[in-house]
Amino acid sequence: MHAKDHMDEHERKLKAKIPGDDTGIEVRKSICAICDPTTQCGLDLYVRDGRIIKVEGSQENPHNGGTLCSKGAATRQYVYHEDRLRTPLKRTGPRGSGEFAPISWDEALDTVVANLDRVRSESGAESTVFYVGYPKQMRPFVQRLAMQFGSPNFCTESSTCFTATAMAFKLVYGQMAGADLAHARCLLVWSANPFYSNTPMARGLLDALDCGTKLIVVDPRCTPLASHADIHLQLKPGTDGALALGMAHVIIEEDLYDREFVAAYAHGFADYRSYVAGFDPERAQQITGVPAEKIRAAARLYATTRPAALLPSAAPVGHNTNGVQNYRAAFALIGLTGNFDVKGGNKVAPFSWLEIGGAGFVTRQHEFEMPRQWADLPPRVGAARFPVWAELVDQAQAMDLPRQILTGDPYRLRALVAFGLNHRMFPASARFLEAIQKLDFICDIDLFATDTSRYADIVLPACSSVERSELRCYPEKYVALSQPAIAPLGESRSDTDIVFDLAHRLALDDPLLNPGPDGGVEPADAFEAAMDWIFAPSGMTMAELREHPGGMPVPHPLVSPERAYRERGFPTPTGRMEFASSILQKYSSQVGIDALPTYRPPKYSPEGSPDLARDYPLVLNTGSRLPMFVHSRTYRLSWTRSLRPQPAADLNPADARRLGIDEGDEIELSTPSGAIRVRANVTELGQPGVVHMYHDHAEADVNLLLESDYLDPISGFPGFKALLCRVDKVKSRRGTGEEKPGIAEAVRGGNAVQP
Amino acid sequence: MSHAFYLDVDRCSGCFACTVACMDQNDLEVRDEPTAWRQVFAVESGAYPEAHLRYVSLACMHCEDAPCLLACPTGAVHREAGAQVVRVEADLCIGCHSCSIACPFGVPRFGADGKMQKCDLCDERLKYGLEPACVRACPTRALRQGSPNELGLSVGRKAAKRLTGET
C-alpha cells in the first residue's frame, strides 16, 4: 500500500485546489491587465483565506473563453512578487541610489501636491509632465487631471505603440477600420503575431482558417502564424512600404482594383497610380527580398477574394523611420480593392472605451479626457517637432521629452508625475535617465520597485488589477466591471484612487475629479460616479455592471451600417479616401513627409546608409514579442523567466556559421551608439542578415544601441524594428563550465530540436 | 477506460501557457533547472526561405503499458488498479533515474530533493469535472485530453471535412 492511497479525500481536494465550502476555496472573478488593452482576459482567481492560490481563464468571458497565455497564467507570481511596493516611499539618498524611507499616504500626497503647486506658481502648469505607461485603465483620469491642473503635457507609452498605426489609418481614411475576422474570406495579416501578443485573437484566426479563409502573412519572421499562411511574404525589416506599393502595382496593372470606389470616393488616385508605376514586382523584390512571383500571387489573392480584411499590428511597421508612410501604403490597399467598411473587410466601428472598438456602445471618454482645448493651452511636448502627431493625436509625444528637458526649448520642464514609467522604453535609454535627473521633482507610481523608480523623489504603491475594480469591454459585445478579488497588498491603492485623491488635494474645481471639495467622498465612489458620467450614452450604469462581476453581454449592442461613407463621406480634409494626404501635403517641406505614401529605406539600412553598413552589416530588429514576456512586465517572475532565463539574440544559422557562432555562445551586439552582450539563439525564426533582440533587459538593454532621435518624422515613433548592427563572438559556451544542457536549451525560448 | 492527451500540432504555437498553468496548479518551484512537468519543444526544419518551425507540448502520456512503471525498482512509480494516472510516490523514490532511462518522452523531472516528479494528470480535478490545468489554459485549444477514441473521432471529423474540400 502506498501512503498516498491513504491520503484523505479532504487533503487531496485541498492539494488539487478544488473549490468548495469544505476546502474554503472560492472562485472570484477579475480581469488580467498584464498586457493592455486588446486582451484583458477574464480571470477566475482561486482564493483561500484572502490569498490567491491559483488562476484560470473565465469560461464565461467570450474573449478568452476560459484560456490564458503564459503571462496571465503567472498572475499569482505577478501579484505576490517580493518587488511589489507596499508603502509610499520618500527618497533619502541620491537619485538612483535606491535609498528610500517609508512614509504615510498623507505625507506622500501632500509632498506631491506641494511640489506641483510650487512648480506651477514659479514656471506655469505646463512645466509639469503627466505620464502613463502600463496599464491603461487610469489614462482618461490622468489626462483629465493634467488638463484641469493646466498642463497640456499628458503623454503615454502610446508614444511608441499603436498610435502610428492609427495615424496612418486617419491620414488615409480619417478613421480606423478593424479587420472583420469572422466574415473575411481572405486575411492579409501585416506583421502581427497574435499567438504571442493576443492569444484570444490567435484562436479566432485559427477558427477562421479552419473554415477555409485564405491567409497572407507579411512578416520578417517565421512566426507561428506564418506557418499557417497560404503565402508568407518574408520581407526585410522596414521595407513594408515597397512591398505594399509592389502589390498595388499588380492590382492596378492587372485591373483588379475597385474602379467604382476609387472614382467616386478617392482623392489623389492619379498621382498615386503614377508613383506606384515605379514599383513593379521585380523592383519590389530588389528592395524587400520577397520573390516577385510571391508578390504577384499575394496581390491577386487579396484583390480577388471577396471580402478580404487587412489585419495590422499595434506597432512593428510603425517602428521605423518611414513607418507611417509604410503603413499608409499598406492601408491604401483596403480602399483600392473596395474592402473599406464592408462586412468581412475592414469595418469602421466607433471606440467604446480604452481603445476597444466595436464593443457595441459609445461613451463620453473623449469629452472626459479633453475638458479643455489644445488651443487654450501652451504647446505640448513634441508639438513643434511632430506637427502631424499634434494634429491627429490628443496627447504629447513623449519621445521629445529628453530633448525638451535638456534644452528647455520651447520652455522648461520641471516636474514629472508618472504611472508605470520605464526608462528602457525610450531609445537611448541612458539619455532619458540622464534627462529626468535634471527635473526638480519626480513622482513615480508603480506596482514594483523598478530601476526607473529609483530616480523618483516620491514613489507610490499601486495595486494590481485583481486588487481593484476595473472596467473593460470586448469586441464580442461584452463588458465587465470587476470587483476587488483580494485586498490590496500592503498599503497599495488603485491608480484611479490616487488620481482622485490628488485632484482633491490640488483643490481642482471639477465636480467629476473632485466631487467632494470639502471632503467626505471616497475616491472609489468618485471613480464610480465619473464612470457613470462617462458611460451615460451607453445606457449602462456601474450599479448594474457591479451585479455581474464576471461581465455581461452589452445590452442592445449598436450595429454600424456598412459603407457609411456613402452618406457621410470620409472624415478627411477632402471628405474622400486620400491616396494623397492633404494633411501631409501641408508639412511636405519637412524632410521625410510627402503627400503620397512614399517609400524610403530605413535611415540606417544597407540601402539607406551604405557607408555605415560596411562596419555594421546586419539589420537589427528589436522588440518582436516572445510568448512569455510583455515588455518588462514578467521578467521578474521565475515561472516565465525560467522559459528564457538569459537575454538572447535570434541569429539565423547561416549568419552564425559565417561568424563562427554556436548556439548559446556569448556574443556582442553593437552599433555606433553602444554595445550589449547576450547569448546567441541560433534559429530559422529570422532570416539571414537580420538579428532579433528582445527589449527591456536590465542586463542587456538593447535600446542603448539606438540614438534618441532615430525617429519617424511623422509619428515620432522610434525606428526600433530596423537599424544596423554588428555581431561579434565573445566567448564559446563550450568549455566554460556552462554546459548544463537543460538551461542552455531553454535559452531558445522553446527547447529547440535540431533537425 | 484509458486516457490520452492529444495535441493538435498545427495549433500549438509554443506559447508555454500550458507549462506555466501546470506550474501554478502544482506550486512548482522552477528556478535554475528545467523542472517544469510540461515542456514545449521547438522543432525546426529546412532553411531560409523554406524554413519550418513547429512546436510540441509534452508531458507524461500516462502510457497504458508504461515503461517507467516496469523500470522502477521500488514501486514508487505505480498505477492504482483501474486508474488512468501513472503516479509517483516520493517517499519510495530513491532517485535512481531508471524511469528516465525507460521513458520514451523524457518526462521524469528531479527537484532539489533528487526525487522524481511529473504530471499527475490533474486527476483530482478530473474527478470534479475540471480539465487538467494545461488543457484549460491552452489559448489555441491545441491541447486536449480525454478518451483516445473520442479524441480520435474529433480529429477524424476535421480530416473528413478536409477530404471533401468542405473546410
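Here is a short report on the structure shown in this document. Please read these numbers as outputs of a predicted model, since none were measured by experiment. (Residues numbered from 1 in each chain as written. Chains lettered and ligands numbered in written order. Predicted model: local features only at pLDDT ≥ 70, side-chain atom pairs only at ≥ 80, totals over all residues. Heavy atoms only, no water.)

Re the overall build of chain A
Here's step 1: If you tally the helices and strands in chain A, you get 27 helices and 30 strands.
Here's step 2: Its C-alpha atoms give chain A a radius of gyration of 26 Å, within 12% of the compact-globule value 27 Å for 755 residues.
Here's step 3: Each principal axis of the C-alpha atoms in chain A carries an extent, and together these give about 70 × 70 × 55 Å.
Here's step 4: When burial is assessed residue by residue, chain A has 65% of its 755 residues classed as buried.
Here's step 5: Taken as a whole, chain A presents about 25,200 Å² of accessible surface, with 50% of it coming from carbon and sulfur.
Here's step 6: Between the mean site of the 80 positive side-chain charges and the mean site of the 93 negative ones, chain A shows a separation of 3 Å. (Helix = DSSP H or I, 4+ residues; strand = E, 2+ residues; numbered from the N terminus. Rg over C-alpha atoms; globule rule 2.2 N^0.38 Å. Buried < 20%, exposed > 50% of the residue type's maximum accessible area, 1.4 Å probe, protein only. Areas by Shrake-Rupley, 256 points an atom, 1.4 Å probe, with all protein chains shown as cover. Lys, Arg positive; Asp, Glu negative; His and termini not counted. Charge placed at Lys NZ, Arg CZ, Asp CG, Glu CD.)

Looking at the overall build of chain B
Here's step 1: Across its full length, chain B carries six helices and eight strands.
Here's step 2: Each helix (α) and strand (β) of chain B, taken in turn from the N terminus, gives the series β-α-β-β-α-β-β-α-β-β-α-α-β-α.
Here's step 3: Overall size of chain B, expressed as C-alpha extent along the three principal axes, is 55 × 40 × 25 Å.
Here's step 4: Long-range contacts, defined here as pairs at least 24 residues apart, represent 52% of the contacts in chain B between residues at least 6 apart.
Here's step 5: As presented, chain B carries roughly 7,800 Å² of accessible surface, and 55% of it is formed by carbon and sulfur atoms.
Here's step 6: Of the charged side chains in chain B, 18 are positive and 21 negative; the average position of the first set lies 7 Å away from that of the second. (Contact = heavy atoms within 4.5 Å.)

Quick word on the pattern of salt bridges
Residue and element names in this part refer to chain A.
Here's step 1: By the definition in use, this model includes 66 salt bridges over all chains.
Here's step 2: The closest approach of N and O atoms between E26 and R28, which form a salt bridge, is 3.2 Å.
Here's step 3: Residue E26 is classed as partly exposed on the basis of its relative accessible area, which comes to 41%.
Here's step 4: Here R28 falls in the partly exposed class, since its relative accessible area comes to 29%.
Here's step 5: R300 is the salt-bridge partner of E254, the closest N and O atoms lying 2.7 Å from each other. Of this pair, E254 sits in the loop between α9 (240-253) and α10 (259-265) while R300 sits in helix α13 (residues 292-304), and the two are 46 residues apart along the sequence. (Salt bridge = Lys/Arg side-chain N within 4 Å of Asp/Glu carboxyl O.)

Regarding the sheet that holds strand β13 (residues 308-311) of chain A
Residue and element names in this part refer to chain A.
Here's step 1: Taken in spatial order, the four strands of this open sheet run β11-β10-β9-β13, and their pairing is parallel. With one partner strand each, in any of the chains shown, β11 (231-233) and β13 form the two edges of the open sheet. Averaged over neighbouring strand pairs, the angle between their axes works out to 15° when direction is ignored.
Here's step 2: Sheet topology note: the strand β10 (residues 214-218)/β11 ladder contains three bridges and is parallel. Residue pairing in the sheet places I216 in a bridge with I231 of β11. (Pairing = 2+ DSSP bridges. Axes fitted to C-alpha atoms, helices over the stretch in contact; angles between N-to-C directions.)

A few points about the interface of chain B and chain A
Here's step 1: Listed by partner, the interface residues are 54 residues for chain B and 67 residues for chain A.
Here's step 2: On inspection of chain B and its partner chain A, the count reaches eleven salt bridges.
Here's step 3: At the surface where chain B touches chain A, the tally comes to 27 residue pairs in polar contact (both at pLDDT 80 or more).
Here's step 4: Looking at the side of chain B that touches chain A, the elements with two or more residues in it are α1 (17-25), β2 (39-45), β3 (52-58), α4 (123-127) and α5 (133-137) of chain B. (Polar contact = N/O pair within 3.5 Å; in protein donor to acceptor, adjacent residues only side chain to side chain.)

Examining unusual backbone geometry
Residues and elements named next belong to chain A.
Here's step 1: Between R306 and the following residue, P307, the backbone shows a cis peptide bond with an omega angle of -15°.
Here's step 2: As for its position among the elements, P307 is in the loop between α13 and β13.
Here's step 3: One non-glycine residue, H631, adopts positive backbone phi at about 50°.
Here's step 4: Its place among the elements puts H631 in the loop between β24 (618-622) and α25 (638-641).

Quick notes on the sheet that holds strand β22 (residues 552-553) of chain A
All names here are of chain A.
Here's step 1: Read from one edge to the other, the open sheet built from three strands follows the order β20-β21-β22, with strand pairing classed as antiparallel. A single partner strand is all that each edge strand has here, and the edge strands are β20 (470-474) and β22.
Here's step 2: Pairing analysis gives two bridges linking strand β21 (residues 478-482) to β22, with the strands arranged antiparallel. By the bridge assignment, Y478 is partnered in β22 with P553.

Details of α9 of chain A
Residues and elements named next belong to chain A.
Here's step 1: Compared with the 20 Å implied by 1.5 Å per residue over 14 residues, the 20 Å span of α9 between its first and last C-alpha is a close match.
Here's step 2: Within α9, 13 of the 14 residues are buried, which leaves it mostly tucked inside the rest of the structure.
Here's step 3: Positive phi shows up at D255, right after α9, with a value of about 55°. (Expected span 1.5 Å × (residues − 1).)

Notes on helix α11 (residues 269-276) of chain A
Residues and elements named next belong to chain A.
Here's step 1: Here α11 has its buried residues at F269, Y272 and V276. Angularly, the buried residues of α11 cover 60° about the axis, an arc narrow enough to put them on a single face. Turned more than 90 degrees off the buried face of α11, the exposed positions are A270 and S274. (Arc of directions from axis to C-beta.)

A look at the packing of helix α12 (residues 281-288) of chain A against α13 of chain A
Residue and element names in this part refer to chain A.
Here's step 1: Relative to each other, α12 and α13 sit at 115°, their axes nearing to 8 Å. The two elements α12 and α13 meet at a crossing, and its hand is right-handed. Contact residues: α12 offers P281, E282, A284, Q285 and T288, while α13 offers A292, I295 and R296.
Here's step 2: Of the residues that constitute the contact of α12 with α13, the class distribution is four nonpolar, two polar and two charged. (Left-handed = near helix turned anticlockwise from the far one by under 90°. Nonpolar A, V, L, I, M, F, W, Y, C, P; charged D, E, K, R; others polar.)

Some details on the packing of aromatic side chains
Residues and elements named next belong to chain A.
Here's step 1: Across all of its chains, the model carries 31 aromatic pairs over all chains by this definition.
Here's step 2: Taking the centre distance of 5.3 Å and the plane angle of 55° together, the rings of Y275 and F279 count as tilted.
Here's step 3: With a relative accessible area of 21%, Y275 lands in the partly exposed category.
Here's step 4: Owing to a relative accessible area of 3%, F279 belongs among the buried residues under this scheme.
Here's step 5: Seen in terms of ring centroids, F361 and F535 are 5.4 Å apart; in terms of plane orientation they differ by 40°. Their pairing is tilted. Taken together, the positions of F361 in the loop between β16 (356-357) and α15 (365-369) and F535 in helix α20 (residues 523-535) put the pair 174 residues apart, joining distant regions of the chain. Each of the two residues, F361 as well as F535, counts as buried.
Here's step 6: One aromatic cluster is present, formed by F169, Y173, F261, Y265, Y327, F331, F340, Y565 and F570 through successive ring pairs.
Here's step 7: Above the ring of F368, the side-chain terminus of R144 is found at 4.8 Å from the ring centroid. (Phe/Tyr/Trp six-rings, centres within 6.5 Å; stacked < 30°, edge-to-face > 60°. Lys NZ or Arg CZ within 6 Å of the ring centre and 35° of its normal.)

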